[in-house]
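# Working through the structure, step by step
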Amino acid sequence: MFFSRFCKLGVHAIRNLEKSATLTARTSYAPKAHNKYLGSLRNELFCSTTAQANSEQKTEEKEKINVIFCDKDGEETHIKVPVGMSMLEAAHENDIELEGACEGSLACSTCHVIVMDVDQYNKLSEPTDEENDMLDLAFGLSETSRLGCQIIAKPELDGIRLAIPAATRNFAVDGFKPKPH
Amino acid sequence: MKSFGKIRRIARCFSTTSSCPLRICVVGSGPAGFYTAEKLLKAYQSVEVDIIDRLPTPFGLVRSGVAPDHPETKVVINQFLRVAQNERCSFFGNVSLGSSVTLLELRNMYNAVVLAYGAESDRSLGIPKEELAGIYAAREFVWWYNGHPDCRSLAPDLKSSDTAVILGQGNVALDVARILLRQIEELARTDIASHALAALEESSIRKVYLVGRRGPVQAACTAKELREILGIKDLGVYIKAADLVTTPADEIEMKNSRIRRRVHELLSKAVTPGCAPVAGQRELHFVFFRKPDMFLESDDKSGHAGGIRLEKTALKGVGDDESVRQVAVGTGEYEDISCGLALKSIGYKSVAVDGLPFDTYKGIVPNDRGRVLADASCGHVQHDIGLYVCGWLKRGPTGIIGTNLHCAEETISCISDDINRGALASGSTKPGREGLRQVLDSRNTRVVPFDGWGKIDCEERRRGSLKNKPREKLATWEELLEVACR
């Protein structure tokens, strides 16, 4: 109970951090560097919470979560993503073709992904206004759409499945139907 | 013997496809051109892609369209840079289609040509006195503050009045309004052209009207740009509460479009009833349901704009209930706004080149998912083999940078189909870039290669660092070519 409260607090703090970060990113000329800094900051925060709850030996494996990317042709790629890393960074480190025109500075919607499981989607913090502004323009928007740069790996998201929307096909007619929430 | 010959022919056919590379020329180095090049290079190991651009500088609207205070949007240049560094890709700057090289020549030299040169002209209003001084296309104003060499000497009049009227409510209109209203210290830290910064520093514009023919539900801007302009420091925002009342048809439009819903919500939140202007504060007025009727000449300055007459409009639904579209119709009631500066932000238009089918009404090249249609007028669809379009020239001047990603994918799937059915292979190797070089040499064209752009880039950053700016753009043709050819 206490642990989950603590986690929530952490998430809250990070969300505030994100907010201030996006505000400064507007005038910052090195949004990428800024984001990297934010990324490591997130990492530390999460690491400390997980380290508290787990024994030393378990920390190592708990630091990475399983993520499955489904590409445009429906092919799946299973990768391990360190806690604290964004799905955009993770995709690029693993040669998964997820576009990232603005490199995570919340100025485009090219890293749009669809969370394929509503329960997983609900574990994510609400998108900020800035993210929603970009999602407005995303191609093939669905009820469980997010920007890959804004989904940060955390232990609860282990096993999350993310679909990369195809430009020329519609997931809805291809068998995948995101459930309304 | 006969079958042996056949086998040999097939074998030769195979060897031509494997040994001689496919050479593709992309015209235009903006997002549409670069995304096309990137995806072609990725899809085919044997393809060579040459990108030509009429400017000595690459990246199209990322350089000359994206507002200087949106540096994060320009980050995509990093990705295009990696494409240009690919050894199978070459950049030919300062090469203009139609004058340096013709379309026919390009088509003879390459297996395929992809036109992605965008939209470099403007739609006009077609109202009386549109030619008065002080009236500009928003594109020209944008090029001016972004240091495009073709608008270096635009010198828009920012001093003869305190009011600017912007016609249109899309993102370009909002960009232009923001540049006019934003605090100069904030602009000074961007890569805005220095001649524009100097003029804006002395600007007397305090009041900006954003005029739309329809209502807040139909405003063409996106939430990000709207949120940004509403958040400008020390700016009074004026929206009439009555304009925000929605009709059942508006409700349907908002239900069908998340973006329309969110834009309306933002505008509604910005309404501050009974708020009187604060002395000295800059003002932004959203004017809905008004269409331009005619420009008015200034009383004291002949030949110069002094105002604009607007006609009040009402919305009329066309189409069925579910996919209702509302158009503005005049009501016969007029009102005038005085202004010394008017910017028309009602849409860009592409320009045709010789030998290219062109739809003058839509301002695009008639095409089928990117394949140029040889003649759209006759009943049957006929593709012009080996000629493709991408970006604004293909679909008109709408969308964001990322839209070109999907646009390029669509065009490339057509190219792939044509490659797979052997339509683009030719008996002999096409001369490609060597042929292009020869033609340009024979005409004494000063080609700016990608490392020429590198020199411009370095020089701009160097000059920028002296002024605490990310870059100081070289804004004349002479300077650009001089630095590029050092």
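Bear in mind the structure is a predicted one, so any value in this text is a computation, not a measurement. (Residues numbered from 1 in each chain as written. Chains lettered and ligands numbered in written order. Predicted model: local features only at pLDDT ≥ 70, side-chain atom pairs only at ≥ 80, totals over all residues. Heavy atoms only, no water.)

### Re the pairing of strand β12 (residues 305–318) of chain B
All names here are of chain B. The line we're drawing: Any two strands between which DSSP finds at least two bridges are classified as paired. To qualify as a helix, a DSSP run of H or I must reach at least 4 residues; to qualify as a strand, a run of E must reach at least 2; elements of each kind are numbered from the N terminus.
Pairing of strand β11 (residues 290–297) with β12, which is carried by 7 bridges, proceeds in the antiparallel orientation. By the bridge assignment for β12, Leu296 is matched with Gly307. Looking at chain direction, β12 and strand β13 (residues 325–338) are connected through 11 bridges and run antiparallel. Within β13, the residue paired with Val318 across the bridge is Arg325.

### Here's the deal with a negative patch on the surface
Applied cut-off: Candidates for patches are residues over 30% relative accessible area with no salt bridge; among them, like charges are joined within 9 Å and nonpolar side chains (Val, Leu, Ile, Met, Phe, Trp, Tyr) within 5 Å. Accessible areas in this description were obtained via Shrake-Rupley with a 1.4 Å probe; residue shielding takes into account the shown protein chains only. For this document, the term salt bridge refers to a Lys or Arg side-chain nitrogen within 4 Å of an Asp or Glu carboxyl oxygen. Neither His nor the chain ends is counted toward charge; the positive residues are Lys and Arg and the negative residues Asp and Glu. A charge is said to be at NZ when it belongs to Lys, at CZ for Arg, at CG for Asp and at CD for Glu.
A contiguous patch of negative charge on the surface is contributed by Glu131, Glu297, Asp299 and Asp300 of chain B. The topology assignment puts Glu131 of chain B in the loop between β5 (121–122) and β6 (135–137).

### Notes on the environment of Arg88 of chain B
All names here are of chain B. Stated precisely, the cut-off is as follows: Contact definition: two residues touch when any of their heavy atoms are within 4.5 Å. Think of a polar contact as two N or O atoms within 3.5 Å of one another; within protein, one of them needs to be a possible hydrogen donor and the other a possible acceptor, and neighboring residues in sequence only count if both atoms come from side chains.
In this fold, Arg88 is placed in the loop between α4 (77–84) and β3 (89–92). Placed 38 residues apart in sequence, Arg88 and Asp50 show a C-alpha to C-alpha distance of 8.2 Å. Residues within four places of Arg88 in sequence aside, it is in contact with Leu41, Tyr44, Gln45, Ser46, Val47, Glu48, Val49 and Arg433. At a separation of 3.3 Å, a polar atom in the side chain of Arg88 contacts the main-chain carbonyl oxygen of Gln45.

### Comments concerning the sheet that holds β12 of chain B
Residue and element names in this part refer to chain B. Quick reminder of the rule: Whenever a helix is involved, its axis is fitted only over the stretch in contact; in every case the axis is a line through C-alpha atoms, and angles between N-to-C directions fall within 0 to 180 degrees.
With antiparallel pairing, the 3 strands of this open sheet are ordered in space as β11-β12-β13. Strands at the two margins of the open sheet, each flanked by one partner only, are β11 and β13. The average angle at which neighbouring strand axes cross in this sheet is 20°, direction not considered.

### Regarding the pattern of salt bridges
All names here are of chain B. What counts, and what does not: Burial classification: accessible surface area is computed with a 1.4 Å probe over protein chains only, and a residue below 20% of its type maximum counts as buried, one above 50% as exposed, and the rest as partly exposed.
Under the definition given, this model contains 48 salt bridges over all chains. In this structure, the salt-bridge partner of Lys233 is Glu186, at a minimum N-O distance of 3.5 Å. Note that Lys233 is positioned in the loop between α10 (223–230) and β9 (235–238) and Glu186 in helix α8 (residues 184–188), a separation of 47 residues in sequence. In this structure Lys233 comes out as exposed when scored by relative accessible area, which is 52%. Connected via shared salt-bridge partners are Asp69, Asp175, Arg178, Arg182, Glu186, Glu228 and Lys233.

Everything listed here is a matter of geometry and, on its own, says nothing about what the molecule does.
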